[in-house]
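Listed here are the chains, written in short residue letters.
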Amino acid sequence: SKQKEALQLVEDALEGGHKILVFSQFVQLLKRFGQQLKQHGVDFSYLDGQATSKQRQSAINAFKSGEHHLFLISLKAGGSGLNLTEADTVIHLDPWWNPAVEDQASDRAYRMGQTKPVTVYRLVTVNTVEEKIIQLHSEKRDLADKVLSGQSTAEQLNPELLMQLMTE
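So, here is what we can say about the structure in this document.

**Let's talk about the nonpolar core**
Right, on to step 1. Counting 18 residues, the largest nonpolar core has Val22, Phe33, Leu37, Leu70 and Leu93 as the members making the most contacts within it.
Right, on to step 2. Where this core is concerned, the elements lending two or more residues are α1 (2-15), β1 (20-24), α2 (27-39) and β3 (70-74).
Right, on to step 3. The element best represented in this core is α1, accounting for 5 residues.
Right, on to step 4. Ignoring anything within four residues of it in the chain, the contact list for Val22 reads Val10, Leu30, Phe33, Leu70, Phe71, Leu72, Ile73, Ile91 and Leu93.
Right, on to step 5. One finds Leu47, Phe63, Ile73 and Val118 within the second-largest nonpolar core, a separate group that totals 17 residues.

Set out below in structure tokens:
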């Protein structure tokens, strides 16, 4: 169902003339999604940690030049160090434990030189650990805001909280 929703988001964005970055922490999910896109006739650039530097640059160039309007990127391979201001739509297929990692990936489109508003979608499956991860994101952001503003002392993710996230 998540891939179906992601496909609909991609098709709608492409029809609207948008350029899209799709991130996942799971390479196999990206590959399956890529197969689904191919079945629907959608071309894309692809980047994961197995790419050589030549393949990496080729994928980036194809996206930047407009050859492809869609770029599938593993979170670890492309979550930092890229400037992809050509994109104005970002889709996260799954949440990562640390919200800063997702934010940094989204920031590939939010760079100096971006002239368009950027829309970020986070796909989360109901009644799964993903919902709990999103709740944890909120708590981490709130804690970080308090720590940075001097309103709170730093707390830690304790084993009890982690077990609660996994069992509820």
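**Observations regarding the packing of α1 against α2**
Right, on to step 1. Between α1 and α2, the least distance of the axes is 11 Å, while the angle of their chain directions is 55°. One element, α1, and the other, α2, form an angle in the oblique class. Here α1 runs over α2; the crossing is right-handed. Where α1 abuts α2, its residues Gln3, Lys4, Ala6, Leu7 and Val10 lie against Leu29, Arg32, Phe33, Gln36 and Leu37.
Right, on to step 2. Of the residues assigned to the contact of α1 with α2, the class counts are 6 nonpolar, 2 polar and 2 charged.

**A few points about the sheet that holds strand β2 (residues 45-47)**
Right, on to step 1. Read from one edge to the other, the open sheet built from 5 strands follows the order β2-β3-β1-β4-β5, with strand pairing classed as parallel. The open sheet has two edge strands with one neighbour each: β2 and β5 (119-122). Here the strands of the sheet are splayed against their neighbours by 15° on average, with no regard to which way each runs.
Right, on to step 2. Strands in contact with helix α3 (residues 53-64) are β1, β2 and β3; relative to β2, the strand with the most contacts, it is inclined by about 145°.

Reading the values: the criteria
- Residues numbered from 1 in each chain as written.
- Predicted model: local features only at pLDDT ≥ 70, side-chain atom pairs only at ≥ 80, totals over all residues.
- Heavy atoms only, no water.
- Core = buried A, V, L, I, M, F, W, Y, C linked by side-chain atoms within 4.5 Å.
- Buried < 20%, exposed > 50% of the residue type's maximum accessible area, 1.4 Å probe, protein only.
- Helix = DSSP H or I, 4+ residues; strand = E, 2+ residues; numbered from the N terminus.
- Contact = heavy atoms within 4.5 Å.
- Axes fitted to C-alpha atoms, helices over the stretch in contact; angles between N-to-C directions.
- Parallel < 35°, antiparallel > 145°, perpendicular 65-115°, else oblique.
- Left-handed = near helix turned anticlockwise from the far one by under 90°.
- Nonpolar A, V, L, I, M, F, W, Y, C, P; charged D, E, K, R; others polar.
- Pairing = 2+ DSSP bridges.

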